[in-house]
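Structure at a glance
Chain residues, written in single-letter form:
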Amino acid sequence: MKPIKSVLILLFISSFTPLFAQEREFSDLLQNIDAREKVSLNGLWDIIIDPLENGYYNHRLQPMDNGYFKNAKMQSPSDLIEYNFDTSDQIMVPGDWNTQMEKLYYYEGTVWYKKDFNYTAKTNELVYLYFEAVNYEAIVYLNGERIGTHTGGYTPFQFEVTDKLKEGDNFVVVKVDNKRKRENVPTVNQDWWNYGGITRSVHLISTPKTHISDYSIQLAKGSTNIQGWVTVENGSDGDNVEISIPELRKNVKSVVKNGKASFSIKAKPTLWEPKNPKLYEVTIKTGTDEITDTIGFRTVSTQGSKILLNGKEIFLKGISIHEEAPFKTGRVTSKEECRILLQWAKELGCNYIRLAHYPHSETMVREAEKMGFMIWSEIPVYWTILFDNKDTYANAKNQLTEMISRDKNRAAILMWSVANETPEGEARLDFLTNLANEARKLDNTRLITAALDTQSEGEGGKMIEDPLGKAVDVIGINHYCGWYVDKPQKCSSVKWASAYDKPMIMSEVGGGALYGLHGSKNERWTEEYQAEVYRTNIEMMRNIEFLSGLSPWILMDFRSSRRPLKRIQEDFNRKGLISEQGMKKQAFYILRDYYLKENN
Ligand code: GCB
């Protein structure tokens, strides 16, 4: 190979370095996209399934400059073009591909997506192409030109495309790749379905050239003042920004300085809480741009082993939830599906939900907030990710940053979780301590947590002394008494002690049952067995003085390729209190009784 050619190839390859390598405070995501003028790119997209990445690499495994992203069409009958989006299969966006085509059920690899659309530009506007989530790696092309990449399956990303749009016909192509890789976040082993595809909505969002891009508006830590900042894209220092909360009769003006307009408002808002999830309309104005959000105000803190909401102790009566659709399975794709899951959690008597094991959609978070659920939100730092790999850290940090960027104005979120069930070790401790510090740097108003599954046996029973306990504000414990360890009958007498004077949440307890399977309480997979696990675990939890909440595993049965047992699991983790078809198992009512009768 000639040197000049190899340099060019290297440059080409290195231009695919994931964006998360860059240092920045918040990600540059537009805040509150629902309030923006936008065109939906949802609906049917043309797809080409490409397990060999033939549309990307040539036969010498070099990236090609005329790959499928060119969306080439035959010009004459003698042309050789071995793909054609216009005659290909189609699937729905938003949506996972696994549940839309039988042959894609277990598929992990590349699928090319293409959508045609029409656009007429307005003067003085900027246009963003915004993806709410693509699992896992996305390379995005507009009209045949690569515009950027994104890594991580559960957070949004955007590209400013104003100059790349044509008047009239346009097309966007996305190379989506959900291959599991050892260095990814999550890594290769996970207990949920690796749903691939453009799993959440896609929009073209237009804004004035100078526009409000981001803001943070919250009660300040330990104060009754509403505090925040606003950033203005293409603005300059000296620009005026106005923030108003009409219901509180507040209106303040601020000026952009060093890129941000900061403000503080003395106010006495009605505080957001589960029994009264009060949200206020807040309007921000600058120059020609104006945006309105609905924002709640509350404080959250800890005092010894207690969690305080608005200064008062609160017990978190929760349930863990995967972002899996009721009745049809696959990824949740609508507000209605979010509301069904949340309504079930309401019926269960919950005031709290753990959104496992990755950031759920903004719709889910906003609907939960309106319904009065306190939220634990989490990134997929799960099990055995590569704690000694710098790129893995950069990736995890980027997912954390994008999660906090998107949801920092949601009062319902009390906790950011940095990890789930990670094995003890020095590299892991450094990795997660750094992530926890990072989360605090981005947002000092919320608590940091992680779900641990390590404990030792001491005189006082199970002893929580995982060194990660130092780095978090709230300790989550996953423990499957009666399922993975011990018989259910043993659980009532299990005692817990902690080396930390911090609140503990039982972030997971539970066991599996196939809905409709009945038998004795000693027979696995029966509803009676699962109910017994709940009964005895609830007794165990009553004895934990430093317990400040729980989120048993899990609201609804969910797909997992770790669960092959025929006639019982059939690719589902059966620890749901409700089957994927919406049928409530006995254990649902055991937990509901506990929530409705105790800890009010
Ligand atoms: C866990 C994991 C969760 C699994 C669950 C199980 O501890 O955190 O992702 O699905 O156990 O069912 O084994």
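Residues numbered from 1 in each chain as written. Predicted model: local features only at pLDDT ≥ 70, side-chain atom pairs only at ≥ 80, totals over all residues. Heavy atoms only, no water.

1. A look at the sheet that holds strand 29 (residues 496–498)
Pairing within the open sheet is mixed, and its 3 strands lie in the order 26-27-29. In the strand order of this sheet, the two ends are held by strand 26 (456–458) and strand 29, each with one partner. Going from strand to strand, the sheet's axes swing by 40° on average, the running direction of each strand aside. In terms of strand pairing, strand 26 meets strand 27 (residues 461–464) through 3 bridges, oriented antiparallel. (Pairing = 2+ DSSP bridges. Helix = DSSP H or I, 4+ residues; strand = E, 2+ residues; numbered from the N terminus. Axes fitted to C-alpha atoms, helices over the stretch in contact; angles between N-to-C directions.)

2. A closer look at the site of the ligand
Taken together, the neighbourhood of the ligand is formed by 14 residues, with Asp 191, His 357, Glu 421, Tyr 484 and Lys 575 sitting nearest. The contact in question runs from an oxygen atom of the ligand to an N or O atom on the side chain of Asp 191, over 2.5 Å. The side chain of Trp 553 places a nitrogen or oxygen atom 3.1 Å from an oxygen atom of the ligand. Relative to its free-state accessible area of 320 Å², the ligand is covered by the protein chains to the extent of 97%. (Near = heavy atom within 4 Å. Polar contact = N/O pair within 3.5 Å; in protein donor to acceptor, adjacent residues only side chain to side chain. Areas by Shrake-Rupley, 256 points an atom, 1.4 Å probe, with all protein chains shown as cover.)

3. Some details on the pattern of salt bridges
Counted under the stated rule, the structure contains 43 salt bridges. Notably, a salt bridge pairs Glu 367 with Lys 370, separated by 2.8 Å at the nearest N-O pair. Separated by 3 residues within a single helix, Glu 367 and Lys 370 lie in helix 3 (residues 362–370), roughly one turn from each other. Using a relative accessible area of 3% as the deciding quantity, one classes Glu 367 as buried. Relative accessible area serves as the criterion here: at 46%, Lys 370 is assigned to the partly exposed category. Among the charged side chains, a salt-bridge network with shared partners connects Asp 46, Lys 73, Asp 86, Lys 114 and Asp 116. (Salt bridge = Lys/Arg side-chain N within 4 Å of Asp/Glu carboxyl O. Buried < 20%, exposed > 50% of the residue type's maximum accessible area, 1.4 Å probe, protein only.)

4. Notes on the state of the cysteines
Summed over the entire model, instances satisfying the criterion amount to 1 disulfide. Across the disulfide, Cys 481 is cross-linked to Cys 491 (sulfur-sulfur distance 2.2 Å). Judged by the sign of its S-S torsion, about -100°, the cystine formed by Cys 481 and Cys 491 is left-handed. Taken together, the residues span a long stretch of sequence, with Cys 481 in the loop between strand 28 (474–478) and helix 6 (488–491) and Cys 491 in helix 6 at a distance of 10 residues. Relative accessible area serves as the criterion here: at 0%, Cys 491 is assigned to the buried category. Not engaged in a disulfide, the cysteine Cys 350 finds its nearest cysteine sulfur in Cys 338; these two sulfurs lie 16 Å apart. (Disulfide = S-S within 2.5 Å.)

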